[in-house]
Amino acid sequence: QVQLVQSGGGLVQPGGSLRLSCTASGNVFNIHTMGWYRQAPGMERELVAIIRSVGSNGLTTYAESVKGRFTISRDNAKNTVNLQMDSLKPEDTAVYYCSLQLLTAHYWGEGTLVTVSS
């Protein structure tokens, strides 16, 4: 069994920064990717950023809307993935979900709300 525990998020003004973290525990083997998705009210869940396994040299993929503002990183020893979010915009407001893709299963975190508002 796998558990994902998220931390971070909250309310920030436009232009501000937030950091999200997610730690995986349990039977975490053969990680393919870890990353973040988000879902705004009335919208479908969308990819924000993912980082691939060590064997793929930690290649990253970002949504076009966050490139240059968000940075994903990973601590392989702790099975943790982080998302540094800078220059936040109101349109970044959403529930952010941690994602863990193993070779045989996919897991989601519980979600954390990020609100960007003045």
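Residues numbered from 1 in each chain as written. Predicted model: local features only at pLDDT ≥ 70, side-chain atom pairs only at ≥ 80, totals over all residues. Heavy atoms only, no water.

Bringing the packing of aromatic side chains into the picture now. One pass over the structure, following the stated rule, counts two aromatic pairs. Between Tyr37 and Trp108, the aromatic rings sit 5.1 Å apart at their centres with planes inclined by 80 degrees, giving edge-to-face as the arrangement. Linking Tyr37 in strand 4 (residues 31–39) with Trp108 in strand 10 (residues 106–108), this pair joins segments that are 71 residues apart in sequence. Note on Trp108: relative accessible area 38%, which makes it partly exposed. With a centroid separation of 6.5 Å and an interplanar angle of 80 degrees, the aromatic rings of Tyr97 and Trp108 are classed as edge-to-face. Of this pair, Tyr97 sits in strand 9 (residues 94–102) while Trp108 sits in strand 10; the two residues are eleven residues apart in sequence, bridging distant segments of the chain. (Phe/Tyr/Trp six-rings, centres within 6.5 Å; stacked < 30°, edge-to-face > 60°. Helix = DSSP H or I, 4+ residues; strand = E, 2+ residues; numbered from the N terminus. Buried < 20%, exposed > 50% of the residue type's maximum accessible area, 1.4 Å probe, protein only.)

A few words now on the pattern of salt bridges. Inspection of every chain in the model, using the stated rule, returns four salt bridges. Across the salt bridge formed by Asp92 and Arg38, the nearest N and O atoms sit 3.0 Å from each other. Taken as a pair, Asp92 in the loop between strand 8 (80–85) and strand 9 and Arg38 in strand 4 lie far apart in primary sequence, 54 residues in all. The exposure class of Asp92 is buried, given its relative accessible area of 0%. On the basis of relative accessible area, Arg38 is assigned to the buried category, the value being 6%. Lys67 is paired through a salt bridge with Glu64; the nearest N and O atoms lie 2.8 Å apart. On the basis of relative accessibility, which here comes to 45%, the residue Lys67 falls in the partly exposed class. With a relative accessible area of 63%, Glu64 lands in the exposed category. One salt-bridge network, in which partners are shared between bridges, spans Arg38, Glu46, Arg69 and Asp92. (Salt bridge = Lys/Arg side-chain N within 4 Å of Asp/Glu carboxyl O.)

Right, let's talk about unusual backbone geometry for a bit. Despite not being glycine, Asn79 shows a phi value in the positive range, around 50 degrees. Mapped onto the fold, Asn79 is located in the loop between strand 7 (70–75) and strand 8. Residues other than glycine seldom take positive phi values, yet Ser87 does so here, at roughly 50 degrees. Classification of Ser87 as partly exposed rests on a relative accessible area of 41%.

Before going further, it helps to examine the nonpolar core. One finds Trp36, Leu83, Met85, Tyr96 and Leu100 to be the most contacted residues of the largest nonpolar core, which totals 29 residues. When residues of this core are traced back to their parent elements, those giving at least two are strand 1 (2–8), strand 3 (18–26), strand 4, strand 5 (46–52), strand 7, strand 8, strand 9 and strand 11 (112–116). If one sorts the elements of this core by residue count, strand 9 sits on top with five residues. What Leu100 contacts, discounting residues up to four positions off in sequence, is Val2, Leu4, Ala24, Val28, Ile31, Thr33, Met34, Ala105, His106 and Tyr107. (Core = buried A, V, L, I, M, F, W, Y, C linked by side-chain atoms within 4.5 Å. Contact = heavy atoms within 4.5 Å.)

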